Amino acid sequence: MATEGIDYSWARPGGATIKRAGKKFVVRYLFEDGQGGKGLDASELADLVANGLEIVLVYEAYAESPLGGRAVGIAHAQASQREINRLGLPKNSPVYFAIDWDASAAQQGVVDEYLRGAASVVGMERVGVYGSADVMTRCMQNKSATWFWQTYAWSRGRVQE
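Residues numbered from 1 in each chain as written. Predicted model: local features only at pLDDT ≥ 70, side-chain atom pairs only at ≥ 80, totals over all residues. Heavy atoms only, no water.

1. Overview of the nonpolar core
Phe97, Ile99, Leu115, Val127 and Val129 are the most contacted members of the largest nonpolar core, which totals 32 residues. When contributions to this core are tallied by element, the ones reaching two or more residues are helix H2 (42-50), strand S3 (54-59), helix H3 (70-87), strand S4 (95-98), helix H4 (108-122), strand S5 (127-131) and helix H5 (133-142). Looking at this core element by element, the count peaks at 6 residues for H4. Setting aside residues up to four positions removed in sequence, Val127 forms contacts with Val95, Phe97, Leu115, Ala118, Ala119, Val122, Ser144, Ala145, Thr146 and Trp147. (Core = buried A, V, L, I, M, F, W, Y, C linked by side-chain atoms within 4.5 Å. Buried < 20%, exposed > 50% of the residue type's maximum accessible area, 1.4 Å probe, protein only. Helix = DSSP H or I, 4+ residues; strand = E, 2+ residues; numbered from the N terminus. Contact = heavy atoms within 4.5 Å.)

Here it is, written out as structure tokens:
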């Protein structure tokens, strides 16, 4: 039996509404500046927790920022950890780092370095990756992430298992 949750960015449906819809978890974004409302904040976190919802964390500055490689991965992991600490979330929470474009095989080396940079800050056991079926396959093969969340976009109907 699958556990259902939702991923949202700008909308704020509220914990009670999400729970009534039968969802068990939410995927929320970590941003130091709240990204104009896209990021998880303390009041939303309190509402979600009060309604018994689990929270999955994702970090994304902008779609192709991981092409900055290791240095950007380090910076993003540091920003993620600051937000985890500020919000009072468990310090060892996994974080999914978004590869939110149709990343090519030629870009995989820099994607791996981005994720390894993140791992140098938070530990490989906490590094997740969000992306296409191809990104999932390559990150699994290259062991550049531990957690995997596949997007429908750019997966061309394939599901990585």
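2. What about the packing of aromatic side chains?
Two measures describe an aromatic ring pair: the distance that separates the ring centres and the angle between the ring planes. Under the criterion given, the structure shown has 5 aromatic pairs. Between the aromatic rings of Phe97 and Tyr114, the centroid separation amounts to 6.1 Å while the plane-to-plane angle is 85°, which identifies the pairing as edge-to-face. On the criterion of sequence distance, the pair formed by Phe97 in strand S4 and Tyr114 in helix H4 is long-range, its members being 17 residues apart. The buried category is assigned to Phe97, whose relative accessible area is 0%. Judged by its relative accessible area of 1%, Tyr114 is buried. An aromatic cluster of at least three residues, connected via ring pairs, comprises Tyr29, Phe31 and Tyr59. A cation over a ring is seen here: Lys38 above Tyr29, with NZ or CZ 4.5 Å from the ring centre. (Phe/Tyr/Trp six-rings, centres within 6.5 Å; stacked < 30°, edge-to-face > 60°. Lys NZ or Arg CZ within 6 Å of the ring centre and 35° of its normal.)

3. Observations regarding the pattern of salt bridges
One pass over the full model with this rule turns up 7 salt bridges. Between Glu83 and Arg86 there is a salt bridge whose closest N-O contact spans 2.7 Å. Of this pair, Glu83 and Arg86 both sit in helix H3, 3 residues apart, which is roughly one turn of the helix. Assessed through its relative accessible area of 49%, Arg86 is described here as partly exposed. Close ionic contact of Arg156 with Asp102 constitutes a salt bridge, the shortest N to O distance being 2.5 Å. Here Arg156, found in the segment after strand S6 (147-150), pairs with Asp102, found in the loop between S4 and H4; they are 54 residues apart in sequence, far enough to count as distant. What makes Asp102 partly exposed here is its relative accessible area of 33%. One salt-bridge network, in which partners are shared between bridges, spans Arg12, Arg28 and Glu44. (Salt bridge = Lys/Arg side-chain N within 4 Å of Asp/Glu carboxyl O.)

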